[in-house]
Amino acid sequence: MATQTIENPSNTSWIIDYDEKYKKQMFRFEQRYPNRFKKMCEFLTLTPDMSLGGRRVFPLMGDDYRGAWEYRVSICKETFRVFYLLDKIHHKVRIYYAGPKPNKVPQPPTIKEI
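Cut-off values and rules
- Residues numbered from 1 in each chain as written.
- Predicted model: local features only at pLDDT ≥ 70, side-chain atom pairs only at ≥ 80, totals over all residues.
- Heavy atoms only, no water.
- Helix = DSSP H or I, 4+ residues; strand = E, 2+ residues; numbered from the N terminus.
- Buried < 20%, exposed > 50% of the residue type's maximum accessible area, 1.4 Å probe, protein only.
- Contact = heavy atoms within 4.5 Å.
- Areas by Shrake-Rupley, 256 points an atom, 1.4 Å probe, with all protein chains shown as cover.
- Phe/Tyr/Trp six-rings, centres within 6.5 Å; stacked < 30°, edge-to-face > 60°.
- Pairing = 2+ DSSP bridges.
- Core = buried A, V, L, I, M, F, W, Y, C linked by side-chain atoms within 4.5 Å.

A tally of regular secondary structure across the protein chain gives two helices and six strands. The helix and strand sequence of the protein chain, counted from the amino end, reads β-β-α-α-β-β-β-β. Looking at the protein chain as a whole, 41% of its 114 residues are labelled buried. For the protein chain, contacts bridging at least 24 residues in sequence account for 41% of all contacts bridging at least 6. When the accessible surface of the protein chain is summed, it comes to about 7,300 Å², and 52% of that surface belongs to carbon and sulfur atoms.

As structure tokens, then:
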């Protein structure tokens, strides 16, 4: 797992944790849209459990997606999606998918797989 931490003054930051297979997608997003990437990282480290702006950040519905969230970034005709789970015990945002809009919403891993 790759880890990225952005500190905040209130000292309640979440740690962003993601699988190595998404490292390339995260790097590509950061290189192409540095301001949007920074904004996303700040959001995920400060308030990852807060719905934001209609359909931009929201919890997924259904028993299969319990505890999973989606963060959407749309730039012109491109969309970048981040699906994540919150590990409230370890204060981590665990990203389980990052990349272009998938054809089907990816299943979150089970706790044992994390």
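After presenting the structure, the write-up continues.
This paragraph deals with the packing of aromatic side chains. For the structure shown, the criterion picks out eight aromatic pairs. Following the ring pairs from residue to residue traces out a cluster consisting of Tyr22, Phe83, Tyr96 and Tyr97.

Below, the discussion takes up the pairing of strand β4 (residues 68-75). β4 sits mainly inside the fold: seven of its eight residues count as buried. Judged from the three bridges that link them, strand β3 (residues 57-59) and β4 form a sheet pairing that is antiparallel. Each bridged residue has a counterpart across the sheet, and for Phe58 the counterpart in β4 is Glu70. Counting the residues in the hairpin turn of β4 and strand β5 (residues 78-87) gives two residues, including Cys76, whose phi is positive at 55°.

Attention now goes to the environment of Ile16. Take Ile16: it is sitting in strand β2 (residues 15-18). Note on Ile16: relative accessible area 1%, which makes it buried. On a C-alpha basis, the gap between Ile16 and Pro48 in space is 9.9 Å, while along the polypeptide they are 32 residues apart.

In this section: the nonpolar core. Counting residues in hydrophobic clusters, the biggest one holds 32 residues, and the most contacted among them are Met26, Met40, Leu44, Tyr71, Val82, Tyr84 and Ile95. Where this core is concerned, the elements lending two or more residues are β2, α1 (23-32), α2 (34-46), β3, β4, β5 and β6 (92-100). For this core, the element with the most residues is β5, which contributes six residues. Contacts of Leu44, omitting those with residues within four sequence positions, involve Trp14, Ile16, Tyr84, Val93 and Ile95.

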